[in-house]
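# Observations on the model geometry
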Amino acid sequence: MRILQILTRKLSSSQIRSTAPSSTFSSRQFHSLSNPASFGIAFDIDGVLLRGNIPIGSSPQALKSLYDDSGTLKVPYVFLTNGGGVPESKRAKELARLLDVNILPLQVIQGHTPFKQLMKRFEDELVVAVGKGEPAEVMSEYGFKNVLSIDEYASYFDNIDPLAQYKKWTDKQDVNQNSKSKHVAFSNDPCSQRAQAVFVVSDSVDWSRDIQVLCDILRTGGLPGKEIAHQPPLFFANDDLAYQALFPSERLGMGAFRIALESVFNAIHPAALKYTSYGKPNPFVFKNAETVLMQVLQSSHYNNQVDGREQFFKTLYMIGDNPAVDIKGARQAGNPWFSILTRTGVFKGKENYDECPADLVVDTVEEAVDYILSKECIS
């Protein structure tokens, strides 16, 4: 494995491409299904498999090669993304529709998935969820009982957003107020109840309003409009500065929003902003992905015991488009992770990325999967 990594890094990108087979392997060319796979795959989504809601190249066919002819999963894989904003169950259905394969909610690991580990700490406390999509629904599915989206929370405070009258989407926010009882059953008005934590679940839609309201919450101990008090905990689902969407160049991500919030907060508050960021490239995310991959393996028709020995992975492949996030994370996680960088998203270079080189560089996710199947199938 180590020798392979060293040799691979020395190869030019053209040489690397030549090692990948020209077409996807069929199930007859793969391992016997009577034996569990000794490897697993983690796919980034945006910039690797999808751009917006549009599949990139033949990414659906690449995923289909991981199933046998009957549609049974033969290679355990997960989606390891810093994105989110909807529950994992809903994202699994969406991905299944876009990529035309069967996907379990278990296989979807989003940036905010680790928030569920904080449920016991804040289960009955008032918390505010920030971001696009359904941030409050996400937190509710994790077990948080008193959660409000920042849209809902801000609606309780008259004039908290001085620019609200100029925003054309205020009608949509007003509609959201009708669903307050869906996520929370308060004994007290939020205006008199301290917010005990803030979770940035997904990308902020309204930076000006959200920075204003979050500064209010964080400076006053969770009671906007009141005196300065101890800052409540603040959690970010990821710290991505940029990501690849439909626009040709990268778009600013949650990391950019964090920088903006931190800059403003530190300029108006005597103590620096304190926060915790999750998501790739944190090594624990990859350790958790390894655990989930084993659960995926066990949920299939395989038995996780081989000759009386517990099954383990010899190699785990991370396929991503962002060197600073996907590749750096896999490298920091170490053995048994093997990093594969595609040119379909953030990274578009001809050669490997010097600052954080991948073990392998390919043009597309199809080439990445072909390489993996070739390497794992040929003795």
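Please read these numbers as outputs of a predicted model, since none were measured by experiment.

What counts and what doesn't
Residues numbered from 1 in each chain as written. Predicted model: local features only at pLDDT ≥ 70, side-chain atom pairs only at ≥ 80, totals over all residues. Heavy atoms only, no water. Pairing = 2+ DSSP bridges. Helix = DSSP H or I, 4+ residues; strand = E, 2+ residues; numbered from the N terminus. Buried < 20%, exposed > 50% of the residue type's maximum accessible area, 1.4 Å probe, protein only. Lys, Arg positive; Asp, Glu negative; His and termini not counted. Salt bridge = Lys/Arg side-chain N within 4 Å of Asp/Glu carboxyl O. Polar contact = N/O pair within 3.5 Å; in protein donor to acceptor, adjacent residues only side chain to side chain. Core = buried A, V, L, I, M, F, W, Y, C linked by side-chain atoms within 4.5 Å. Contact = heavy atoms within 4.5 Å.

## As for the sheet that holds strand β9 (residues 234-236)
- The parallel open sheet is built from five strands, whose spatial order is β7-β6-β8-β9-β12. Unpaired on one side and paired on the other, β7 (146-149) and β12 (276-277) mark the two borders of the sheet.
- Bridge count for strand β6 (residues 126-130) against strand β8 (residues 197-200) is four bridges, and the pairing is parallel. Opposite Val128, over in β8, you have Val198 as the bridge partner.

## Points about the side chain of Lys74
- Within the element layout of this structure, Lys74 appears in the loop between α3 (59-64) and β4 (77-80).
- The buried charged residue Lys74 lacks any salt bridge, with Asp69 as its nearest oppositely charged partner at 6.9 Å.
- Here Ser65 takes part through its backbone oxygen, which lies 3.4 Å from a polar atom of the side chain of Lys74.

## A few points about the nonpolar core
- Judged by nonpolar contacts, the single largest core of 52 residues is most densely connected at Phe43, Leu66, Tyr77, Phe79, Ile319 and Ile340.
- The element contributing the most residues to this core is helix α12 (residues 283-299), with eight residues.
- Setting aside its immediate chain neighbours within four residues, Leu66 contacts Ile41, Phe43, Thr72, Leu73, Lys74, Val75, Tyr77, Val369 and Leu373.
- With 43 residues, the next largest nonpolar core counts Ala154, Val198, Cys215 and Tyr278 among its residues.

## Remarks on unusual backbone geometry
- With an omega of 10°, the peptide bond running from Lys280 to Pro281 counts as cis.
- Its place among the elements puts Pro281 in the loop between β12 and α12.
- That bond from Asn335 to Pro336 is cis: its omega, 10°, falls within 30 degrees of zero.
- Along the chain, the position of Pro336 falls in the loop between α13 (323-333) and β16 (337-342).
- Non-glycine residue Asp100 carries a positive phi angle of around 60°.
- On the secondary structure map, Asp100 appears in the loop between α4 (88-99) and β5 (108-109).
- If you check the backbone angles, Asn159 has positive phi at about 65° while not being a glycine.
- Looking at where Asn159 falls in the secondary structure, it is placed in the loop between α7 (150-155) and α8 (170-176).

Function cannot be read off these values alone, since they describe shape.
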